[in-house]
Amino acid sequence: MNTVVVHPERCVGCLQCAAACAVAHSRTKTLYGAVSEEPRTPPRIHVGPGPATFAFPNKCRHCDPAPCMAACMPRAIGRDAPTGAVLVDPSRCIQCGMCSMACPFGVIRYRADWRVPGRPSVAVKCDNCADRQRSGRVPACVETCLVRALEFGDPNELLREETRRLARQVSVGLRQGEEARKEPPVVALWRGLGERQAAVGP
């Protein structure tokens, strides 16, 4: 299954992914229209601030098996066979909260949804832009991310490429003598993040 892989070390916290997500799931599919709609469509990706200038885009991982799907009593949550995405049918959601309690990543919210007018709120989560995928497009958050903190594809292949990229960086540093043996920027970035997190505490 193709999905969105997050590279938090690249995220600059610009929130373009959240804006693109809200527009893609709005009724009008345009920025101007989306901000004028009632109810306003919320983003399905949540960017949280971290230490210093770090940010983390948090979204549904479309787990398999999915705890939210198992916990959903009215069977409002199911898996889309062609894309493998875990989707919410807002017309069946009773807002019981079981899915959000079962989700280990805290990515399910309750908001009004224009697809079920008159309902105060229903479960809202990332759908991996299943509609866009069916038309050959990548998810809106990925398309708009200029720093490539979000990539879409087979997670094993994307992470293999990340391993190759890190290996190239480290190997170049080792081959070019003492001066070039500095840590690759991404390694230094992660090391600094770990030290700052340790200073902040749990």
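Below is a short write-up of the structure.

Cut-off values and rules
Residues numbered from 1 in each chain as written. Predicted model: local features only at pLDDT ≥ 70, side-chain atom pairs only at ≥ 80, totals over all residues. Heavy atoms only, no water. Patch = residues over 30% accessible without salt bridge, like charges linked within 9 Å, V, L, I, M, F, W, Y side chains within 5 Å. Areas by Shrake-Rupley, 256 points an atom, 1.4 Å probe, with all protein chains shown as cover. Salt bridge = Lys/Arg side-chain N within 4 Å of Asp/Glu carboxyl O. Helix = DSSP H or I, 4+ residues; strand = E, 2+ residues; numbered from the N terminus. Buried < 20%, exposed > 50% of the residue type's maximum accessible area, 1.4 Å probe, protein only. Expected span 1.5 Å × (residues − 1). Arc of directions from axis to C-beta. Contact = heavy atoms within 4.5 Å. Disulfide = S-S within 2.5 Å. Core = buried A, V, L, I, M, F, W, Y, C linked by side-chain atoms within 4.5 Å.

## Description of a nonpolar patch on the surface
Move 1: A cluster of nonpolar side chains, Val-12, Leu-146 and Val-147, forms an exposed patch at the surface whose accessible area comes to about 320 Å².
Move 2: Here Leu-146 shows up in the loop between α6 (140–144) and β8 (150–153).

## Digging into the pattern of salt bridges
Move 1: All chains considered together, the criterion is met by 13 salt bridges.
Move 2: Measuring nitrogen to oxygen at the nearest pair gives 3.2 Å for the salt bridge that ties Arg-132 to Glu-143. A residue pair is termed long-range when its members are at least 10 positions apart, and Arg-132 in helix α5 (residues 130–134) and Glu-143 in helix α6 qualify at 11 residues.
Move 3: By relative accessible area, Arg-132 is classed as buried at 13%.

## Quick look at helix α8 (residues 185–200)
Move 1: With 16 residues, α8 should cover 22 Å at 1.5 Å per step; its first-to-last C-alpha distance of 22 Å lies within 8% of that length.
Move 2: Taken residue by residue, α8 has Val-186, Gly-192 and Leu-193 as its buried positions. Projected onto a plane normal to the axis of α8, the buried residues spread over an arc of 125° and lie on a single side. Structural note: α8 exposes Glu-195, Ala-198 and Ala-199 on the side pointing more than 90 degrees away from its buried face.

## Overview of helix α1 (residues 16–24)
Move 1: Among the nine residues that make up α1, seven are buried, leaving the element largely enclosed by the rest of the structure.
Move 2: For α1, the full list of buried residues reads Cys-17, Ala-18, Ala-20, Cys-21, Ala-22, Val-23 and Ala-24.
Move 3: Buried residues belonging to α1 abut α2 (31–36), β2 (46–49), α5, α6 and β8.

## Comments concerning the state of the cysteines
Move 1: This structure, assessed with the given rule, holds zero disulfides.
Move 2: Between Cys-14, a cysteine without a disulfide, and Cys-17, which holds the nearest cysteine sulfur, the sulfur-to-sulfur distance is 6.3 Å.
Move 3: The exposure class of Cys-17 is buried, given its relative accessible area of 9%.

## Thoughts on the nonpolar core
Move 1: With 17 residues, the main nonpolar core has Cys-68, Ile-77, Val-86, Cys-93, Cys-99, Ile-108 and Ala-123 as its most contacted residues.
Move 2: At the level of elements, β5 (86–88) and β7 (122–124) are the ones that each hand at least two residues to this core.
Move 3: The residues contacting Ile-108, other than those within four sequence positions of it, are Cys-68, Cys-99, Ser-100, Cys-103, Ala-123, Val-124 and Lys-125.
Move 4: Ala-55, Cys-145, Leu-150 and Phe-152 belong to the second-largest nonpolar core, a separate cluster that totals 13 residues.

## Structural notes on unusual backbone geometry
Move 1: Here the amide bond leading from Glu-38 into Pro-39 is cis, since omega sits at -5°, within 30 degrees of zero.
Move 2: Along the polypeptide, Pro-39 turns up in the loop between α2 and β2.
Move 3: Note that the residue after Asp-64, namely Pro-65, is joined by a cis bond; omega there is 5°.
Move 4: By secondary structure assignment, the location of Pro-65 is in the loop between β3 (55–58) and α3 (67–71).

## Section: the environment of Val-107
Move 1: Within the secondary structure, Val-107 sits in the loop between α4 (98–102) and β6 (109–111).
Move 2: Classification of Val-107 by relative accessible area gives buried; the value is 1%.
Move 3: Taking the C-alpha atoms as reference points, Val-107 and Arg-27, separated by 80 residues in sequence, lie 22 Å from one another.

Any functional reading would require information beyond the geometric quantities listed.
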